Amino acid sequence: MGAVAVGAAAGAAGLATASLDLGATIVRRLPFQSTVVAAVALLAIVALPMAWGAVESWLGRRRANVLAVVAGALLVGWIVVELAVIRAFSWLQPMFLFAGAAIAFAGYRGWHLRWGPTDN
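(A) Here's a closer look at the side chain of E56. Note that E56 resides in helix α3 (residues 35–58). Other than its neighbours up to four places away in sequence, E56 contacts R61, R63, A64 and L67.

As structure tokens, this is what we get:
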């Protein structure tokens, strides 16, 4: 989760500073045609939940597994929406789609194996 959070934050920084060039066609497809809006969304939807989940996991807190499920699902959703919005393919998309699914599944398994679904 930490590596995904760092990668998403780096991607957001690249988008916000325009050092990550998406090309004019893709930028026109972004909401408000703004890479800054895309950067803020990437931070809010992917980087922050992943970072929060990583910290909670490192601290051994019970909510870490639930956060992993949520953060993984948000990453999967991000990739699906990204593909629909920008209509362009990158090798990073299937890699992060798999990573999001794996994180969500690991959180689900950890939650059920360690705490049980009925444990408050």
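(B) How the structure looks around the environment of A13. Inspection of the secondary structure puts A13 in helix α1 (residues 2–16). For the pair A13 and L42, spaced 29 residues apart in sequence, the C-alpha to C-alpha distance is 9.7 Å.

(C) Region of interest: α1. An ideal rise of 1.5 Å per residue puts 21 Å on 15 residues; α1 measures up with 21 Å between its terminal C-alpha atoms. Listing the buried residues of α1 in full gives V4, A5, A8, G11, A12, G14 and L15.

(D) Seen up close, α3. Taking 1.5 Å of rise per residue, 24 residues should cover 34 Å, and α3 covers 32 Å from first to last C-alpha, within 8% of that figure. Taken as a whole, α3 carries its principal kink of about 35° at L43. Turning to α3, its buried residues are T35, A38, A39, L42, V46, A47, P49, M50, G53 and E56. Just downstream of α3 lies G60, where phi reads positive at about 75°.

The rules behind the values
- Residues numbered from 1 in each chain as written.
- Predicted model: local features only at pLDDT ≥ 70, side-chain atom pairs only at ≥ 80, totals over all residues.
- Heavy atoms only, no water.
- Helix = DSSP H or I, 4+ residues; strand = E, 2+ residues; numbered from the N terminus.
- Contact = heavy atoms within 4.5 Å.
- Expected span 1.5 Å × (residues − 1).
- Buried < 20%, exposed > 50% of the residue type's maximum accessible area, 1.4 Å probe, protein only.
- Bend = angle between axes of the 7 residues up to and from the residue.

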